[in-house]
Amino acid sequence: MLNLASVHHTLSMHRLSSLRGASVNTILSSNISEGRSRIMCRQRKVVRCMERTSNILPRRGWILMLRLPCRLHSTRAQNQHRENYGSSATAIDPKKSTHKLYPSNPESKEDSMSAREHSANVVRLTQQLLSKPYSLEIFKSSLENARNNETLLKTLGLSKSDAKSMFILNPDLLKHVHMAISHFSNSRNFRGIALDHPSDGTAFAKHDKIPGPILCARLLELIGVPNYYSDLSATSSASPILVVHSSQIDQLLHCCLQTTLALSNCCKTGKGSLIGYDFNFEKPANDHATFQDTENKTAAHLAEEIWRTVRNMQIKFTFDMKRKEPRRIGSIMHMPNTSTRISAMNNNFVLEYLNAADSSTPKMPASWSNKDHRRYNQALSLFNAVLAAYSRLGSSATGERQEVRRNMVQSAERLLLELAAKAHALEPSSSTVLQCTRPDVISFNTAMNAWSHLSPKVKNGVHADEYATTLSTLTAERTQAILEMMQELWDEERSNRSTRQTLQASWDEYGDGKLCRSQAIAPSTSSYNTVLNAWSRSSNNDAIYKAISVFRAMLERCNLMCIGRVSLTRQNSNLQHVGTASLEGDRAFPDSRTFVAILGSCSCNSGPMNFGEAVALIEAIFDTMKCWDEQLRWSTSQGVSPHGLLTQNGNNTNSILNAYTFNALIKAFAALPKSSWEESLQCCYRIEEIILQDMLIHTAPDAITSGIAVDAWAKCAKFAKNDEEKMTLCVEKACTHVDLLLLPESMLQHGLPGDEAGDGSRTVHLVNDVIALCGECSFPAKADELFLRAKECKINNFTTVSTVIDVLSQSKDILHVEKALKHLLDFERDVMQKSSAIVPSLNHEYTRMYNACIVGFINAEQNDIGCSRAYDLLSYMINNQSSNPLHVVCPNTTSFALVMNALAQKGRSGQVEALLSKMEELRQRRKDTFAYSQRRDLEPNIVLYNTLMTSYAYSNDIGALQSAEILIQRMEDDPNIPSPDAITHSLILKLRSHNHSGRGRQAEHPASCGSETASTLHDIVDCKLDKLILDTIHQSPKPNAKVFNSIMKAHAAKGTEEGAEKSAALLRRIEEMYAAGDIQIRPDIILHNLVLNAWQSFDPIKAEEHLSWLCACHESDKDLSPNDASFSICIHAWCKSTRPNAAEQAERILRQKEAFLNRVDGLVIRTTDYNSIISKWRDDPQHGPKRAALLFEEMLQKSSRSKSYQCPTDVTLNALLAVCAKSIDDKAAEHAEDILKRMSHLNEDKKSNILPDLISYRTCINAWIRRKSSESPQKVEALVNDMIDKYKNHGRDDLRPDSNVFDLILKACNLAPTAWNAEDEDKRNGRTISIANRTFTLLRGENEFNAKPTHSTFAFMFRIFNRHMSFTDPRYDLLMKNLWAQCCRDGLVSEFTLESLRKSVTESTFFECIGCDKGGKTVESITVGSLPREWRRNVSPKRA
């Protein structure tokens, strides 16, 4: 490959020889016309030289361009410009249309000014080009003018007949468009310019900047790309061909390439992104477009249209008019003999064979010229840019919906397959070089990366939902399919080569760098790694096996190519590595990323493997890593290693065993599924062994390594089960890793920051994790010690302080809580008070740490001291907030509630009252200070007022009752504070009862006042009712219905018949007192309903009697009319009853409610009333189905005619189906299925809103199973197939069958009768077994329902074979053994499956299945607990 120095020397020599000794400065200063002509001629030569080397020259190489103006030289050119752009167009100033190529980083002030002048000229030129509206008709007119321009045709050497069908552009227009696109396609110019009169007018408002990619697309439209080709394709069934002259193809191709690259770059996220922008400047006029009219046209769609235009371009070569000979006639020029190119090499047998073959074989068509290769590579780069655009739009970073991203990835694959299929459609030639483009390795890798990046992320081996699981498997399969296609294409090409062509292909990798041959489409290392990464993101059970198969294929190919042998051959030939070229087989050897990906597959999903198999697999991968690394190191030492893999100077950055692979290996061990302490401990010890023995030889462990190890020990601690010795081991091992990282030499080696260790530091996160582990294992002293050491090393942050405070506050020792408070105060003094500004993001978390200390003091063993310390800490917070409202110590409602509740339990009502008053004061001050704030973290709620009431109730103060009365009066009068609730009234009643009886504070402490506790309610209901009510009357300033409701609810909450009787007695007493004038509150219907509700569960007759009394009162007193709840309570009371005629009585009350419809306003016959009665008819198997069906039909008719009847729902339908399913009628299953199908048809016809759900189908299935007929299996399978059909074709996701549904099919097969006569036995039993086998096969394989076998699946299969298969069948024992082996491998052995096996096989076969000798054991003595744990790992403990 040429470097910058060689190009500089070549161009300098060429320029000096061309100037024939003349000075460049002299020529530049000359104003003679002849000298200027020479300069222009030589400049064109230099430009052509630069074009020939543009494919290998770095961007900075353009510094060598002559900075000479390229002007419109003649008046004729200016006239031609006016003719093309319109007579009214302003002529471009020749001085302002300079086309220069300046360096990207100008090194002088003069260069800077020239670059700015050039940019300004391009901007003005672009504004003039886009100043007028554009249409396809205008371009067609311009194209027709160019075809008829005799001067232009003469220059191009074309006749009018040839030009009629050619794609000829005006040279000036093409040059200006090329100049503008070259400028705005640069990423530095993506910000674009503002157009006063944009031609599109709709994309951006006036004076808004139009981004560079859009400008490039608009400029490209001026030369007919891609709109002209799209218009031609609309009228042609086949793809039209655009014939372009060879003098214009390079600029046109460069414009298309730069525009496509700009469009591809704008598909990235971040600065310059145009994701979501509609590039549909003009709606397509045909149906052949690549996007839908109703959707936005993305940048990738536009790039695809540009590529299709370029792909269908054919190059036209004409005669040189001066020399009267063809410049290029479309044939491929001959290449010098291979021997001339490799003659300088030392002779060996390979060279002799190739030279002899060259002399003996006839001449083959030589390779393309450099210009042909450059055009081919540009067309291929354009295609890859289109694929990259689709790939970027398919990434999750775009934020698009999953289906939109998937469509983008599918478009990339579609283009790849389309181009691969047409690769050999034409014979390659210089004219068809653009049409013969074939995808390369980059194309395939881009499509594979697109699929791989579409896969959702997996967390802890599990995806977010089932759709993500399915999609991840799909993306991995598609990625692997593309890899397999690459392999097939490579094998096909290799199989078609002769021996000489194979050797020639190897030697062609080493040349002079001028030839860019189209290499074979051979999968590279990146290809295999992409597939492995895709499988590592899949949570499919077979993902690990698929990844291993890909890895083995990679190893087989690597061994087939024998890298060492090829390297030795090169070394014997005295060949040196040229650039970064390598053999096509060398590009597929495993590297460190390969092993990271394969280990990632093990980390995410170990599949159906057990623990031992998974460990063996990871160990085998590790052995392969060590073996491959050793081979590469030996090859490096012998000088035969693949180029660029390992260097000779000891730099092993590309070695297999590095920090990344070791971390992936350790993570794989840590992520293994473990079911016991022993398995977890084995993984942890293996991780320690790898770190201390293997890893230290190659690289030093970093914070990631230690973090994974600590996480493994933390998981191991969860299996310790409060075993202090085991937990101590876990904590000590975890602390060891932190201690190693906190050593001074380790901190220097890893470059750990001191005071700058922020939240992003892995070491800080590691310290936080170990401190949290110490807290989980109840080692607060160890956590405090680790925190102090990390603080000394300045490896701590806010989270570290918060974690250690939480750990110390959870201890029962008050000394640890004092240490937590000390750490908090030190942090406040050292960090938070260094800045005068408040950190709002830390405010709530900082308060949370203070609350943690308060909880620690309250829960300490020294309860009295802890309570006082909590009160002092809250007072400290209050004082800081009072003195400075902006202080970070901001108490919230939780802070006050914790301390107030603790004080209330000790009866310190004075302190509680003072805290509540202080809280109200702080709340008002905060409102006045921060009027704009919407914060509600300091609001006194009803819980706090009830806490104060609790402190009064359990206080020994004489004035506690008076204080409570004042408080409840204030709560009722003040709208700014919460109103009293049932708990408040219960507490005031308790206080009054204690005061009346002369009892003081209870010895026991009350429970939390945040809820109605059983002790408080029991104390209330145990009081004498008359005395309690009199206290309420005489002592309460305003007794209301809430007080009586509270007492009534307290009676009902007992849930006993005694409570119901007391509720009724209380109601009668209140009625009497109201009638006597003692109280002014009359019981309303709500109190009566409470009495009805109390009788509901015990005596429906008394509830009905009370309802009848209410109905009788309706005639004389409308205020006591029964409402909807009154009737519903009585209906439900009868439905709960076990009396024989309960269903008829409930239906009778329903008729009574119907009679009251017109007499009571707001009365509605509710769906729940019908549902309860229909369900109750299930108790009558003989007459219930008929009565339930009549009620269902009645409900359908009445709800359609009257608004007083609610419509039936799916719950109603399910209740009816349940009644039919339990009927004793032989046709019950048929009746249930008929009802189900009828309601489904009515819903499909929009005649009913009832939609049968999963419960409906399962009820019908259970009816058929209970039928136990020979046709039950077929009927059940048909119902399940109906569910599948609705799930697939009607979008009923709720009907997706799961494992339990498929088990019902097996259950039906198990209960189906067995035919023992010879005629029906084979037919009926075979049919039942076929249904069972079909269902079992579906569960065992991959299915779209993600249904897997359960322990019931295997149990039913044992019973089915036992019931429907003959014992004399020679396949019977083998079938049972294989079925049991599958059950054990799946870890689904339960008591059900073991019992089924025990009843299905003989005693000898049973002991052979479980793998033990009979000895003195019996079959019944074998239990699930005596079997290996691995066999029952996937069964819940209850089932096992």
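Residues numbered from 1 in each chain as written. Predicted model: local features only at pLDDT ≥ 70, side-chain atom pairs only at ≥ 80, totals over all residues. Heavy atoms only, no water.

Counting secondary structure elements, the chain contains 61 helices and 6 strands. Residues classed as buried in the chain amount to 50% of the 1440 residues present. For the chain, contacts bridging at least 24 residues in sequence account for 72% of all contacts bridging at least 6. (Helix = DSSP H or I, 4+ residues; strand = E, 2+ residues; numbered from the N terminus. Buried < 20%, exposed > 50% of the residue type's maximum accessible area, 1.4 Å probe, protein only. Contact = heavy atoms within 4.5 Å.)

Overall, the coordinates contain 51 salt bridges when judged by the stated rule. The shortest N-O distance in the salt bridge between D1124 and K1153 comes to 2.8 Å. Here D1124 is found in helix 48 (residues 1124–1136), whereas its partner K1153 is found in helix 49 (residues 1142–1155), with 29 residues between them in sequence. Take D1124 and K1153: they sit in the same class, and that class is buried. Residues R1151 and E1194 are paired through a salt bridge, measuring 2.7 Å at the closest nitrogen-oxygen approach. One end of the pair, R1151, is in helix 49; the other, E1194, is in helix 51 (residues 1184–1201), with 43 residues separating them in the sequence. For E1194, a relative accessible area of 16% translates into the label buried. (Salt bridge = Lys/Arg side-chain N within 4 Å of Asp/Glu carboxyl O.)

All right, on to the packing of helix 10 (residues 212–222) against helix 12 (residues 246–265) then. Viewed as axis vectors pointing N to C, helix 10 and helix 12 meet at an angle of 150°, and their least axial separation amounts to 9 Å. Put simply, helix 10 runs roughly antiparallel to helix 12. Seen along the crossing, helix 10 lies across helix 12 with a hand that is left-handed. Contacts from P213, C216, A217 and L220 in helix 10 reach C255, C256, T259, A262 and L263 in helix 12. Residues of the contact of helix 10 with helix 12, tallied by class, amount to 8 nonpolar, 1 polar and no charged. (Axes fitted to C-alpha atoms, helices over the stretch in contact; angles between N-to-C directions. Parallel < 35°, antiparallel > 145°, perpendicular 65-115°, else oblique. Left-handed = near helix turned anticlockwise from the far one by under 90°. Nonpolar A, V, L, I, M, F, W, Y, C, P; charged D, E, K, R; others polar.)

The next point concerns the environment of A1332. Assignment of secondary structure puts A1332 in helix 57 (residues 1318–1340). Under the relative-accessibility criterion, A1332 is labelled buried at 0%. The spacing of A1332 and I1360 is 28 residues in sequence and 7.8 Å in space, taken between C-alpha atoms. Other than its neighbours up to four places away in sequence, A1332 contacts L1306, C1309, M1357 and I1360.

On to helix 49. With 14 residues, helix 49 should reach 20 Å at 1.5 Å per residue; the first-to-last C-alpha distance of 20 Å fits that figure. Residues of helix 49 that are buried: A1142, A1143, Q1145, A1146, E1147, I1149, L1150, K1153 and E1154. Its buried side turned inward, helix 49 meets helix 47 (1100–1113), helix 48, helix 50 (1167–1176) and helix 51. (Expected span 1.5 Å × (residues − 1).)

So, on to the state of the cysteines. Under the criterion given, the structure shown has 0 disulfides. C684 takes part in no disulfide bond, and the closest cysteine sulfur, belonging to C716, lies 4.3 Å away. There is no disulfide at C735, and the cysteine sulfur nearest it, in C774, is 4.3 Å away. With a relative accessible area of 3%, C735 lands in the buried category. (Disulfide = S-S within 2.5 Å.)

This paragraph deals with the side chain of H816. Structurally, H816 can be placed in helix 34 (residues 814–830). According to the relative accessible area criterion, H816 is buried, its value standing at 15%. The contacts of H816, once residues within four sequence positions are left out, are P780, A781, L808 and S811.

With 13 residues, helix 6 (residues 136–148) should reach 18 Å at 1.5 Å per residue; the first-to-last C-alpha distance of 19 Å fits that figure. Three or more residues of helix 6 are buried, namely L136, F139, L143, A146 and R147. The buried residues of helix 6 occupy an angular sector of 100° when projected down its axis, which confines them to one face. On the buried face of helix 6, the contacting elements are helix 7 (150–156), helix 8 (160–163), helix 10 and helix 11 (227–234). (Arc of directions from axis to C-beta.)

Further remarks concern the nonpolar core. By size, the foremost hydrophobic cluster in this structure holds 156 residues, and its most contacted members are I598, L599, V770, I805 and F896. If you look at the next biggest cluster of nonpolar residues, it comprises 107 residues, including A1094, L1295, F1356 and F1406. (Core = buried A, V, L, I, M, F, W, Y, C linked by side-chain atoms within 4.5 Å.)

Between V225 and P226 the backbone carries a cis peptide bond, its omega angle lying at 0°. When you line up the elements, P226 lands in the loop between helix 10 and helix 11. Phi at S778 is positive, roughly 60°, even though this residue is not glycine. Tracing the backbone shows S778 in the loop between helix 31 (762–776) and helix 32 (780–792). One non-glycine residue with positive phi stands out, namely K1246, at about 60°. As for its position among the elements, K1246 is in the loop between helix 53 (1228–1244) and helix 54 (1254–1267).

Now for the packing of aromatic side chains. Both the distance between ring centres and the angle between the ring planes are used here to describe each pair of aromatic rings. What the rule picks out here adds up to 18 aromatic pairs. Note on W1380 and W1431: the rings are 6.2 Å apart at their centroids and 90° apart in plane angle, and the pair reads as edge-to-face. Of the two residues, W1380 sits in helix 59 (residues 1371–1385) while W1431 sits in the segment after helix 61 (1403–1410), which places them 51 residues apart along the sequence. Residue W1380 is classed as buried on the basis of its relative accessible area, which comes to 1%. Given a relative accessible area of 19%, W1431 falls into the buried group. One aromatic cluster is present, built from ring pairs that chain together F139, F167 and Y228. (Phe/Tyr/Trp six-rings, centres within 6.5 Å; stacked < 30°, edge-to-face > 60°.)

With that settled, the discussion passes to the pairing of strand 4 (residues 313–316). Alternating positions in strand 4 separate cleanly, M313 and I315 being buried on one face and Q314 and K316 remaining unburied on the opposite face. Sheet analysis places strand 3 (residues 242–245) next to strand 4, joined by 4 bridges and oriented parallel. In the strand pairing of strand 4, V243 is matched with Q314. (Pairing = 2+ DSSP bridges.)

Everything listed here is a matter of geometry and, on its own, says nothing about what the molecule does.
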